[in-house]
Amino acid sequence: MNILLIGSGGREHALAWAISASAECDRLYAAPGNPGMEECAVCAAVDPVDHAAVVAFCRQNDIDFVVVGPEAPLVAGLIDDLSKAGIKAFGPTKAAAALEGSKGYTKDLCREFDIPTAEYRRFTDAASARAYITERGAPIVVKADGLAAGKGVVVAMTLDEALAAVDAIFAGSVGAAGHEVVVEDYLDGEEASFFALCDGTTAIPLISAQDHKRAFDGDKGPNTGGMGAYSPAPIMTPAMEEQVMETIIRPTVRAMAARGTPFKGVLFAGLMITGKGPQLIEYNVRFGDPETQVIMPRLRSDLLPALLASADGLLSTISLRWKPDAALCVVMATMGYPGNFERGSEIRDLAKAASLDDVLVFHAGTRRSGDRILANGGRVLGVTATGKTVKEAQARAYEAVDLVDWPEGFCRRDIGWRAIRKG
């Protein structure tokens with residue numbers, strides 16, 4: 001098969017690495033891809049925003065199957081346009097992608113179908129939101145309704161912080177994503193990421209992971225898109241995973257089908273494991289980043305048939321096998337991220353880091369300039385290692401990180417601390 005993978009980040013590099021190893025993959029293209037993906041795919045200068053150009057590329061290159069990585073093309077309806085053109089693709093329709101495209105939509109679905117989540121209210125003006133927050137008190141969570149590239153959520157520990165977040169969002173800090181605000185109660189517990197492949201009626205679980213959102217060691221500093229991840233997450237025991245499937249994932253699949261918008265693709269549930277059990281924080285409708293970078297190295301099965309089965313409604317025929325090893329990813333970011341940062345600094349000795357046993361270096365925000373690799377974003381690399389334990393994978397990942405010559409970059413030095421503390 002000829003496969004087209006849409007995207008250019010670390011998640012897509014990890015997916016490309018897995019798909020390219022499939023016995024069913026004859027040729028893999030990535031649009032637009034990145035320098036790291038050049039080792040396993042042909043990168044094509046196609047803009048995913050231009051759906052007509054994507055369709056034209058598929059026809060010109062005899063593409064049999066398209067895998068869409070990022071959320072923005074899914075929310076914009078790329079799957080719908082590919083389907084209209086007769087091109088098979090992995091991912092939800094525009095209507096089903098509302099699970100990520102609108103936080104209010106997901107909260108309303110949870111309320112209607114008794115899916116456990118925090119109490120909430122939706123607001124279209126700052127005054128009403130401020131009044132509600134003042135009444136509820138802090139800590140409290142303020143979210144922009146739409147896609148905000150990971151920058152639309154404020155976990156406010158004080159009333160002033162919450163009120164300032166409302167004012168900033170309605171003032172345009174996250175653009176059109178802030179036309180509406182969702183305010184929800186603060187949930188106390190431990191976060192985990194849980195993934196399930198869905199084909200509209202059937203859902204099968206993938207493995208768990210846990211990421212690190214804060215920029216600095218000790219979970220300090222501003223929220224980011226993710227500074228690292230590890231798998232498995234110890235808190236996600238087999239019993240907890242089944243509880244999540246029974247109370248959150250399967251009810252969501254049934255709810256979407258009942259609404260006439262069946263969900264196909266991957267459901268990424270951001271969870272808070274509380275004293276009352278798992279609660280849904282939010283849904284994403286694509287693989288996580290950097291969670292994909294630790295899930296793919298643990299997959300023993302061929303990924304591609306599972307993605308095809310999701311698109312074809314045949315997941316009931318699929319059984320996935322996983323390696324017992326742990327995996328850990330350290331994100332290397334440009335100094336200043338998630339605030340202002342400069343692009344263009346050179347990154348050296350990537351091959352030296354990748355040459356270590358059981359280490360993979362996934363590119364995220366890089367570009368090529370001749371023989372040089374330059375930083376071209378905030379989160380730039382995902383240095384991933386596997387080991388018999390999270391502690392072993394952590395040691396191996398940081399050994400590789402220390403081989404990368406990039407003075408303008410930084411990373412957290414405590415990825416995996418929660419799992420290691422638990423032993």
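Owing to the predicted nature of the structure, the values given are computational and were not obtained by experimental measurement.

Q: I'd like to hear about the pairing of strand E15 (residues 228–231), residue by residue, with values.
A: Consecutive side chains of a regular strand alternate in pointing toward one face of the sheet and then the other. The alternating pattern of E15 places Gly228 and Tyr230 and Ala229 and Ser231 on opposite faces, both of which are buried. As judged from the 2 bridges shared by strand E12 (residues 210–211) and E15, these two strands associate in the antiparallel manner. Residue pairing for E15: glutamine 210 is matched across the bridge by tyrosine 230. Summarising the sheet, E15 and strand E18 (residues 326–334) pair through 4 bridges and their orientation is antiparallel. The partner of serine 231 across the bridge, within E18, is alanine 327.

Q: Lay out the pattern of salt bridges in plain terms, naming residues and giving numbers.
A: Any two side chains of opposite charge can pair, given that their charged atoms come close. Counted by the stated rule, this structure contains 28 salt bridges. For glutamate 71, the salt bridge is made with arginine 286, and the minimal N-O distance between the two is 3.3 Å. Taken together, the residues glutamate 71 in helix H3 (residues 71–75) and arginine 286 in the loop between strand E17 (277–284) and helix H10 (292–295) connect sequence positions 215 residues apart. The pair glutamate 71 / arginine 286 is uniform in exposure class, with both members buried. For lysine 352, the salt bridge identified is with aspartate 349, shortest N-O distance 4.0 Å. Look at lysine 352 and you get partly exposed, because its relative accessible area is 44%. Among the residues examined, aspartate 349 registers a relative accessible area of 33% and is labelled partly exposed.

Q: Help me get a handle on helix H11 (residues 303–312), residues and values and all.
A: Counting buried positions along H11 yields 8 of 10 residues, so the element is predominantly enclosed. Those residues of H11 that fall on the buried side of the exposure criterion are Leu303, Leu304, Ala306, Leu307, Leu308, Ala309, Ser310 and Ala311. Buried residues along H11 sit in contact with strand E1 (2–7), helix H1 (10–20), strand E4 (65–68), strand E5 (89–90), strand E10 (190–199) and strand E16 (264–274). A distance of 3.1 Å separates the backbone nitrogen of leucine 304 from a side-chain oxygen at the start of H11, and that oxygen is part of aspartate 302. Following H11 by one or two positions, glycine 313 has its phi on the positive side, about 75°.

Q: Summarise the sheet that holds strand E11 (residues 203–205); cite the residues concerned and give the values.
A: If you trace the 4 strands from one edge of the open sheet to the other, you get E11-E10-E16-E17, paired in antiparallel fashion. Edge positions in the sheet fall to E11 and E17, since each of these pairs with one other strand and no more. Strand-to-strand twist across the sheet, computed as the mean angle between neighbouring axes with direction ignored, equals 35°. As judged from the 10 bridges shared by E10 and E16, these two strands associate in the antiparallel manner. Within E16, the residue paired with leucine 197 across the bridge is valine 266.

Q: Let's hear about the nonpolar core: which residues, and what values?
A: Counting 51 residues, the largest nonpolar core has Leu4, Val66, Leu82, Leu99, Met236, Ile249 and Leu271 as its most contacted members. It is helix H9 (residues 238–258) that contributes the most residues to this core, 8 residues altogether. Excluding its chain neighbours within four sequence positions, the residues that come into contact with leucine 82 are Val54, Val55, Cys58, Val66, Ile87 and Ala89. If you look at the next biggest cluster of nonpolar residues, it comprises 36 residues, including Leu206, Phe268, Leu303 and Leu308.

Q: Break down the sheet that holds strand E6 (residues 120–123) for me, citing the residues and quoting the values.
A: With antiparallel pairing, the 4 strands of this open sheet are ordered in space as E6-E9-E7-E8. A single partner strand is all that each edge strand has here, and the edge strands are E6 and strand E8 (153–156). Between one strand and the next, the sheet's axes are offset by a mean angle of 15°, whatever the strand orientation. Taken together, the 5 bridges between strand E7 (residues 140–144) and strand E9 (residues 181–185) define a ladder with antiparallel strand orientation. Each residue of the ladder has a partner; that of lysine 143, found in E9, is valine 182. Lying on the sheet, helix H6 (residues 103–112) is in contact with E6, E7, E8 and E9; it crosses E6 at an angle near 140°. Docked against the sheet, helix H7 (residues 126–136) engages E6, E7 and E9, running at close to 160° with respect to E6.

The rules we used
Residues numbered from 1 in each chain as written. Predicted model: local features only at pLDDT ≥ 70, side-chain atom pairs only at ≥ 80, totals over all residues. Heavy atoms only, no water. Buried < 20%, exposed > 50% of the residue type's maximum accessible area, 1.4 Å probe, protein only. Helix = DSSP H or I, 4+ residues; strand = E, 2+ residues; numbered from the N terminus. Pairing = 2+ DSSP bridges. Salt bridge = Lys/Arg side-chain N within 4 Å of Asp/Glu carboxyl O. Contact = heavy atoms within 4.5 Å. Polar contact = N/O pair within 3.5 Å; in protein donor to acceptor, adjacent residues only side chain to side chain. Axes fitted to C-alpha atoms, helices over the stretch in contact; angles between N-to-C directions. Core = buried A, V, L, I, M, F, W, Y, C linked by side-chain atoms within 4.5 Å.

Everything listed here is a matter of geometry and, on its own, says nothing about what the molecule does.
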